[in-house]
Amino acid sequence: MPRTYARELAFGAPVAPGHGVLRPLGLCDVTIDDGFWAERQRVNGTTSIPHALAWEDKVGWVRNFVAAGAGESNRTGKDFSDSDVYKLLEAMVWESARLGDEALEREITRLAGVVAAAQAPDGYLNTHFGRPGLPARYSDFEWGHELYCYGHLFQAAVARIRCGHEDQLVEVALRAADHVCRVFGVGGTVAVCGHPEIEVGLVELGRATGRTQYIDQARLFIERRGHGLLKAIEWGQDYFQDDLPVRAAAVFRGHAVRAGYLAAGAVDVAVETGDQELLTAVRRQYDRTLARRTYLTGGMGSRHTGEAFGEDFELPPDRAYCETCAAIASVMVAWRLLLATGEEKYADVIERTAYNAIMCSPSLAGDAFFYANPLQLRWPGRQPDSDEPCPRAESGARAPWFTVSCCPPNVARFVASFGTQVATVEADRVRIHQFASGEIRAELASGHQVRLDVRTGYPADGRVEVTVLECDPSQEWSVALRVPGWAEIELDGLTRQGDLAVARGRFRPARRFVMDIDLAPRVIHPDPRIDAIRGCVAVERGPLVLCLESTDLPEGFSAEDLRVDVDETPVAVGDGARIAGWLLGQPEGHSWPYLAQPEPPGLRPEQVRLIPYRRWGNRGPSTMRVWLPRPEAELCVGAESGAANWPGRTADTGDTGDTDAVNVDPELGQPA
């Protein structure tokens, strides 16, 4: 590993590696106080978290713990519903630490007590197994999710520890972790869970407590994976990532969330044990997945069957599954690889995925969610019942809750802790990876304390201003800002050094550095090997992927009816764009949709508004598409071939765009 840091407590950070190029900063170090992410955190705290808690109470998932504590066999929800209570607890912990919310603290204490009452004396904890009238403990490793649920419990406990509390929730998690090590450690049951997640939980709990046996147990689970320990199923062993050892795989495959959680756990194990071979293997797999199996939004998973990855370049926009949790899992991997390697391309991935694939899920109001995130919808979605959980993950409209509601609490914990992914420390340098207005406080490797103010309207506005608030003028140090892979920039007080804009020197308070990022809309062409979107283009503005929503078309037209004029440069409008094209009047009356000779459609010139993808579906049912067809005559025009690092190419150069950014909000000023 490149550099070793002291194993100090990273106060308020979900991930705190003992080794790596970069050291993360916690919620106590980074305060977001304005702009896009401040607004999303406000909505998350005031609406999404209370909304999720109300639903988990309503559908009985909290009461499952009460029933388990009383020895009752009645329960509701899926076998993994315990994990959603733990994810929500984690979100509440981060939110309480962020704001110092005493009412939220009381609620955390109450829920921890409810969970603790369900724990068996030997540390076992699950409301679906192990009591009279219910299946026996560890009787269904394929689908039971017992170890998966522990992983989310451990992550909630890590949040609690790192936010300065060692209370009942932590005690419950430590008893459960000790139980897992006794049952599944060396000489114990040789098994893995059908859904990876315990690995990341164990490693982080080991980091937070110094109990290395938890890291050793995570390593055992990683090494056992891929040896056929799970029973064969109709979708194949790759669904569980149990077809190949982690080190032998070439690319992510199978269930997309499972693949991401497993990779994140493998990176954690590799970093903590100094296993360079394992780290290299995961980097290779993730990089190939980004280049060949990832949507423009950063979403992952192209098959509804198995919620799974398809083959290379199998990326149909209308059948994209792109589960929200898969996007969060991808960010988990990218963040760990960024910390381990220092390569800013992984921060680009985080930006793209966060703005588009993750923040598309919650409504602007924060009380309804997408589970799946297709890039095209051919029919206006039906509004789900506001009083009942939605059974359909692929609904065309956001739902207040789902029968499988892993995504809402996952989004809640991601947003609440987002500040921890804004900046890091590299020796005597502060590196800013994500652009959000607020304050950064950091202790450099020398012990030098610095404080920075960041002001930006990003992603609606491309100016990022960094001002030194506090530092020792006698100390030499540096500040560096990520330069997005897609960006053209202008600098004031900074020098371009590869993917960073850097200033180094002995600075005094009030010293200011400025990076101006050109946010002009860009036309993107797909890799020609993606059959489903050949002949189409997309438009990005800064980190935002844009889309066409039928709400912005004349009455009677669908998103399917537009053909875009690629010779006309899109014009920025607010945080979206306007593009020239034609609306088609489709011929009617044919009894068979295949013709010996093409029949020219009627064309109506139109200037069409495009909005950030993450905002679609907030104005009622509509059709939508990201990839927009060119006129029919262009469909036979060949495109350049060749290897790509990202399956989307800029229109002006044909170069592959790096795994970079993604989209922004309209609450801060919706385009006219």
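You'll find the structure just up there.
Bear in mind that the values here come from a model prediction, so they are computed numbers and not experimental data. (Residues numbered from 1 in each chain as written. Predicted model: local features only at pLDDT ≥ 70, side-chain atom pairs only at ≥ 80, totals over all residues. Heavy atoms only, no water.)

Chemist: What should I look at first to understand the side chain of Thr297 in this one?
Modeler: Along the chain, Thr297 falls in the loop between helix 10 (276-292) and helix 11 (324-341). Exposure remark for Thr297: the relative accessible area of 2% places this residue in the buried category. Among the polar contacts made by the side chain of Thr297, one reaches the main-chain amide nitrogen of Gly299 at a distance of 3.2 Å. (Helix = DSSP H or I, 4+ residues; strand = E, 2+ residues; numbered from the N terminus. Buried < 20%, exposed > 50% of the residue type's maximum accessible area, 1.4 Å probe, protein only. Polar contact = N/O pair within 3.5 Å; in protein donor to acceptor, adjacent residues only side chain to side chain.)

Chemist: How should I be thinking about the packing of aromatic side chains in this particular structure?
Modeler: Note on aromatic pairs: each is described by the distance of the centres and the angle between the planes. All chains considered together, the criterion is met by 31 aromatic pairs. Where Trp55 meets Trp401, the ring centres are 6.2 Å apart and the plane angle is 10°; that geometry is what we call stacked. Note that Trp55 is positioned in helix 1 (residues 35-58) and Trp401 in the loop between strand 3 (376-377) and helix 13 (407-416), a separation of 346 residues in sequence. Of the two residues examined, Trp55 and Trp401, each falls in the buried class. On the numbers, 5.8 Å between centres and 55° between planes, the contact of Phe65 with Tyr86 is tilted. With Phe65 in helix 2 (residues 63-69) and Tyr86 in helix 3 (residues 81-99), this residue pair connects regions lying 21 residues apart in the sequence. Judged by its relative accessible area of 0%, Phe65 falls in the buried class. An aromatic cluster is built from Phe36, Trp37, Tyr355, Phe414, Phe418, Phe435 and Tyr458, whose rings are joined through pairwise contacts. The cationic tip of Lys58 hangs over the ring face of Trp55; the distance from NZ or CZ to the ring centre is 4.4 Å. (Phe/Tyr/Trp six-rings, centres within 6.5 Å; stacked < 30°, edge-to-face > 60°. Lys NZ or Arg CZ within 6 Å of the ring centre and 35° of its normal.)

Chemist: I keep staring at unusual backbone geometry and nothing clicks. Help me out?
Modeler: Most peptide bonds take the trans form, and the phi angle of most residues other than glycine is negative. The peptide bond linking Tyr458 to Pro459 adopts the cis configuration, its omega dihedral lying at 10°. Topologically, Pro459 is positioned in the loop between strand 7 (449-456) and strand 8 (463-470). We note that Glu307 has phi near 45°; this positive angle belongs to a residue other than glycine. Summarising the element assignment, Glu307 is placed in the loop between helix 10 and helix 11. At Ala427, a residue that is not glycine, the phi angle is positive and equals roughly 55°. Of note, Ala427 is situated in the loop between strand 4 (423-426) and strand 5 (429-432). Overall, the relative accessible area of 25% leaves Ala427 in the partly exposed class.

Chemist: Is there a simple way to think about the pattern of salt bridges in this case?
Modeler: Side chains that carry opposite charge are capable of pairing whenever their charged atoms lie near each other. Evaluated as defined, the whole model comprises 57 salt bridges. For Glu90, the salt bridge goes to Arg413, with nearest N and O atoms at 2.8 Å. In this pair, Glu90 is assigned in helix 3 and Arg413 in helix 13, connecting sequence segments 323 residues apart. Judged by its relative accessible area of 5%, Glu90 is buried. (Salt bridge = Lys/Arg side-chain N within 4 Å of Asp/Glu carboxyl O.)

Chemist: In this structure, what is going on with the side chain of Gln376? I would like to understand it.
Modeler: Residue placement: Gln376 occurs in strand 3. Using a relative accessible area of 4% as the deciding quantity, one classes Gln376 as buried. Within the local environment of Gln376, its side chain forms a polar contact with the side chain of Glu560, the two groups lying 3.0 Å apart. Setting aside residues up to four positions removed in sequence, Gln376 forms contacts with Pro317, Asp318, Glu560, Met624 and Arg625. (Contact = heavy atoms within 4.5 Å.)

Chemist: Is there a simple way to think about the pairing of strand 19 (residues 576-585) in this case?
Modeler: Two faces belong to every sheet, and in a regular strand the side chains alternate between them. Burial analysis of strand 19 places 7 of its 10 residues in the buried class, which makes it a mostly covered element. Here 3 bridges tie strand 17 (residues 562-564) to strand 19, and the two strands are oriented antiparallel to one another. Opposite Val564, over in strand 19, you have Gly581 as the bridge partner. Note that strand 18 (residues 571-573) and strand 19 share 3 bridges and pair antiparallel. Each residue of the ladder has a partner; that of Ala572, found in strand 19, is Ala577. Here strand 18 hands over to strand 19 after 2 residues, with Gly574 in that stretch at a positive phi of 60°. (Pairing = 2+ DSSP bridges.)

Chemist: For this particular structure, what's the right way to read the environment of Gly462?
Modeler: Inspection of the secondary structure assignment puts Gly462 in the loop between strand 7 and strand 8. For Gly462, a relative accessible area of 10% translates into the label buried. Separated by 27 residues in the primary sequence, Gly462 and Phe435 have C-alpha atoms spaced 9.6 Å apart. With residues up to four places along the chain from it excluded, the contact list for Gly462 reads Met515, Asp516, Ile517 and Leu519.

Chemist: It is not clear to me how the packing of helix 11 against helix 13 should be interpreted in this structure. Could you clarify?
Modeler: Angle between the axes and distance between the axes are the two parameters that describe a pair of packed helices. Here helix 11 crosses helix 13 at 35°, and the two axes come no closer than 9 Å. At the point where helix 11 passes helix 13, the crossing takes the left-handed sense. Where helix 11 abuts helix 13, its residues Thr324, Cys325, Ile328, Val331 and Met332 lie against Cys407, Asn410, Val411, Arg413 and Phe414. (Axes fitted to C-alpha atoms, helices over the stretch in contact; angles between N-to-C directions. Left-handed = near helix turned anticlockwise from the far one by under 90°.)

Chemist: I'm lost on the state of the cysteines in this one. Help?
Modeler: Simply put, disulfide is the name for a covalent bond between the sulfur atoms of two cysteines. Applying the stated rule across the entire model yields 0 disulfides. For Cys28, which is in no disulfide, the shortest distance to another cysteine sulfur is to Cys163 and amounts to 8.7 Å. The thiol of Cys322 is unpaired, and the distance to the nearest cysteine sulfur, on Cys360, comes to 9.7 Å. For Cys322, a relative accessible area of 3% puts it in the buried group. (Disulfide = S-S within 2.5 Å.)

Chemist: Explain helix 11 here, please?
Modeler: Since the α-helix advances by 3.6 residues per turn, residues separated by three or four positions end up pointing in the same direction. Under the 1.5 Å per step criterion, the end-to-end length of helix 11 is 26 Å for 18 residues, consistent within 8% with the ideal 26 Å. For helix 11, a buried count of 18 out of 18 residues is recorded, marking the element as mostly surrounded by other parts of the structure. One or two steps after helix 11, the chain reaches Gly342, where phi turns positive at roughly 80°. (Expected span 1.5 Å × (residues − 1).)

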